[in-house]
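# Report on the structure
Below are the chains, spelled out letter by letter.
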Amino acid sequence: MRKKTILVILLIVAFLCTNFLVACRQPQEEVMELPAKTQEVEKNKEEGLAFPSNSVLAVGYIAPGEEQAFMERYFTDGKTLTTLPTIHAGDANTFVLLPKDRSTTITVWEAVLEGNGTIKPGRTLGIVSDSGLVLRTGETEVVPAAIVAYESGNHTFTFPLQFSGENGKLTFGDGAPFITDISIYD
């Protein structure tokens, strides 16, 4: 019985994610060609993060009590999470979003589950330009914690901020090729 329940939940999550991605797909003015796989890594000068060459955004989940370990790993020059703008939409989960290039705009919306099972952006929770941000959200199971849009130069993409039902790690939908997961997983 328990296996059937878990299977049904996973099927619902897969269905919802598929519908969300179809509903939120926006035409892009320019199609970006992904570079060939390479070991080339670029650094974000402010935080000292290593970005693979095709990645433009680092996103990380910070587990409760792991704030210090996260800052020691990713922040230099005395920077802390408190120096970044914070969007409050709950107190259960903490995420950090750090762009490689500072000339960016990151928009965060509440994720809303429609009656037909699709997930769409709801009210705007915050817009941050030229900086990374800390996002605090409520509990999330089937519906993503939030929907995030990233805009900078030739890169524009939208992705749900949610955990995989398969392995518990973050998933990024269509934004995955451009995002580096900097979560500290045990």
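The structure under discussion appears in the preceding block.
A tally of regular secondary structure across the protein chain gives two helices and 12 strands. Of the regular secondary structure in the protein chain, the N- to C-terminal order runs α-β-β-β-α-β-β-β-β-β-β-β-β-β. Within the protein chain, the proportion of its 186 residues that are buried is 41%. Of the accessible surface of the protein chain, which amounts to about 10600 Å², a share of 52% is contributed by carbon and sulfur atoms.

Overall, the coordinates contain nine aromatic pairs when judged by the stated rule. When the centroid spacing of 4.9 Å and the interplanar angle of 55° are considered together, the rings of Phe-70 and Tyr-74 count as tilted. Of the two residues, Phe-70 and Tyr-74 both sit in helix 2 (residues 67-74), four residues apart, roughly one turn of that helix. Its relative accessible area of 1% is what places Phe-70 among the buried residues. Note on Phe-157 and Phe-159: the rings are 6.0 Å apart at their centroids and 35° apart in plane angle, and the pair reads as tilted. On the basis of relative accessible area, Phe-157 is assigned to the buried category, the value being 6%. Ring pairing ties together the aromatic residues Tyr-150, Phe-157, Phe-159, Phe-172 and Phe-178, which thus form one cluster.

With that settled, consider the environment of Thr-140. Mapped onto the fold, Thr-140 is located in the loop between strand 8 (133-137) and strand 9 (146-152). Sequence-wise, Thr-140 and Ala-92 are 48 residues apart; in three dimensions their C-alpha atoms are separated by 8.7 Å. With residues near it in sequence (within four places) discarded, Thr-140 still touches Asn-93, Ala-145 and Phe-163.

Moving on to the nonpolar core. Ranked by size, the top nonpolar core spans 24 residues in total, and within it Leu-57, Val-59, Leu-97, Leu-135, Phe-159 and Leu-161 carry the most contacts. At the level of secondary structure, the elements contributing two or more residues to this core comprise strand 3 (57-62), strand 5 (93-99), strand 6 (105-113), strand 7 (119-129), strand 8, strand 9 and strand 10 (155-163). Apart from residues lying up to four places away in sequence, Leu-161 is in contact with Val-59, Phe-95, Leu-135, Pro-144, Ala-145, Ala-146, Val-148, Leu-170 and Phe-172. Counting 14 residues, the second largest nonpolar core, distinct from the first, contains Leu-49, Phe-70, Leu-98 and Val-134.

Let us now look at the pairing of strand 8. The element strand 8 is extensively covered by neighbouring structure, given that four of its five residues are classed as buried. Examined bridge by bridge, strand 4 (residues 86-89) and strand 8 share four bridges and lie parallel to one another. Bridge pairing in strand 8 links Thr-86 to Val-134. Where strand 5 lies against strand 8, five bridges are found, and the strand directions are antiparallel. If you follow Val-96 over to strand 8, its bridge partner there is Val-134.

Conventions we followed
Residues numbered from 1 in each chain as written. Predicted model: local features only at pLDDT ≥ 70, side-chain atom pairs only at ≥ 80, totals over all residues. Heavy atoms only, no water. Helix = DSSP H or I, 4+ residues; strand = E, 2+ residues; numbered from the N terminus. Buried < 20%, exposed > 50% of the residue type's maximum accessible area, 1.4 Å probe, protein only. Areas by Shrake-Rupley, 256 points an atom, 1.4 Å probe, with all protein chains shown as cover. Phe/Tyr/Trp six-rings, centres within 6.5 Å; stacked < 30°, edge-to-face > 60°. Contact = heavy atoms within 4.5 Å. Core = buried A, V, L, I, M, F, W, Y, C linked by side-chain atoms within 4.5 Å. Pairing = 2+ DSSP bridges.

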